[in-house]
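# Results of the structural survey
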Amino acid sequence: MIYTHITSFQLLQRNEDNVAYVYVNDTAIPYSVGGPYTIGDAHDVYVGDIWFLSGQSNMRGWGNFRDVPGASTVMAKPHPMVHSFQSCESWAPAKEPIHNLAESIRSIHKSLRDPSNGGPNTPRPPPSGDSHWIPNKGAGPGLTFAVEYGKEFNVPVGLVPCAHGGTSMDQWSPEMKEQEGDSLYGAMLERFNAVGGSIAGLLWYQGESDAMVLEDANRYKEKMVQFIETVRRDLGNPVLPMIYCQVGRCVSSDSPTGWNIVREAQRQIAASGAQNLAMVSAIDTELDDFIHVASSGVEVIGQRMFRIARAWKLGVGSQNCPILTRITPQLFQFEHDPSAAGSTRAYLLLAFENVSQWLDQRAFGFSIRDKDEHDVQLIHKVTFEEKSSIRLHLTELYKKYDGSQLQLWYGYGRNPICNVVDSDNMALPAFGPIDFELSFLEPTYHVNV
């Protein structure tokens, strides 16, 4: 690929040889990773990696800025080597809010309803044009990801915001790409071509809209798999790096069924072993309203996405979210008095992969349920074993369910309390139902329980 048109602040995607070619006076000139370069009339041009930001509002950014109006910074600090292909489709140094849909030249961002298109918290300056004004909302995970990525690899980063709040997988359907800028998928492809037709990867956070409609939730996995396959084909890279976030919490008394289904679908896709595809979790992050991740939370999500990208490049750390691999019921008795009342102990030992080392703390979020999803209240304590195992300590009521088919969950419901993370602050994603049989073999005699 050779760039033929360069503008100020543009980020050029490096090729496999770590250069970008630009036509200058009819000659293809290679520019190495870094910058800033002056190319013709364009200044502050960099060569590095371009990442797309797609999905709905938690990717677009709807977290409250922590600083008050008049303060010098908002959430993640901009970095001189991190630029954004703005919604108005000009390159500029990246700063929050990354998405400004009201400025978009793509018609779909005008026609689809979104809070930033005229809502009460519209992230646009007031008519007075006050230069000290900053918006009160708009924090997303993209800028944190890019700043961490740039610092770690000493490479410039370009962000291309494409997300739109309140959108479903149907609205992101690749089948609508022929509608071009009148569809979300088509608009994303147009922006892909506008930045040169080559990128390093895509960050995705979407699923809340589908979780609210049971029919959509039931088809989420099918639609998401199709989306991943089609994006990679249309962007010309069958193993395009894609990192997505499992939907977090929603404070509501409505049915939790759709949320459970979407989260589990997202977990299953991550566990499929597909190359350059990984998930991070938002289940433990705080909210700024009933559904939107707070600025502190999107900062954590951005850092988690960066850690996945770092692991892919350097082989350091986990290349995916923690994934459950085995459930082993265990029954122990004291050697000295196996017949004594209360001497028997029952556990579930859970084995995981992609764990650096669990943080040893009081853990919340696990539950064991029957086929009707009623909590059977068996877990009285959770402990962390070895590098990547978790032990669920069961009450004496296990005898009532010995031989029964049960379900294991972590993060059941719309608004669960979950806090299990590893030493890299990678959170255990919500999962369930994981069907298992609570069946114990002859007890193992054990001195210290």
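Residues numbered from 1 in each chain as written. Predicted model: local features only at pLDDT ≥ 70, side-chain atom pairs only at ≥ 80, totals over all residues. Heavy atoms only, no water.

As named in an unreviewed UniProt entry, the chain is Sialate O-acetylesterase domain-containing protein, taken from Umbelopsis ramanniana AG.

Moving on, we come to the pattern of salt bridges. Evaluated as defined, the whole model comprises 14 salt bridges. Its salt-bridge partner being Arg106, residue Glu190 comes within 2.6 Å of it at the nearest N-O pair. In this pair, Glu190 is assigned in helix 4 (residues 184–194) and Arg106 in the loop between strand 9 (91–93) and helix 2 (108–111), connecting sequence segments 84 residues apart. In this structure Arg106 comes out as buried when scored by relative accessible area, which is 15%. Between Lys177 and Asp234 there is a salt bridge, with its nearest N and O atoms 3.0 Å apart. Of this pair, Lys177 sits in the loop between strand 11 (157–161) and helix 4 while Asp234 is found in helix 7 (residues 220–234), placing the two residues 57 residues apart along the sequence. For Lys177, a relative accessible area of 28% corresponds to the partly exposed category. Classification of Asp234 as partly exposed rests on a relative accessible area of 23%. (Salt bridge = Lys/Arg side-chain N within 4 Å of Asp/Glu carboxyl O. Helix = DSSP H or I, 4+ residues; strand = E, 2+ residues; numbered from the N terminus. Buried < 20%, exposed > 50% of the residue type's maximum accessible area, 1.4 Å probe, protein only.)

Moving on to the pairing of strand 13 (residues 242–246). Taking burial as the measure, the five residues of strand 13 include five buried ones, the bulk of the element. Examined bridge by bridge, strand 12 (residues 201–205) and strand 13 share four bridges and lie parallel to one another. Bridged to Trp204 within strand 13 is Tyr244. Sheet topology note: the strand 13/strand 14 (residues 277–281) ladder contains five bridges and is parallel. Looking across to strand 14, one finds that Ile243 is bridged to Ala278. Between strand 13 and its parallel partner strand 14, the chain crosses via helix 8 (residues 257–270), and the hand of that crossover is right-handed. (Pairing = 2+ DSSP bridges. Right-handed = clockwise from strand over helix to strand, strands pointing away.)

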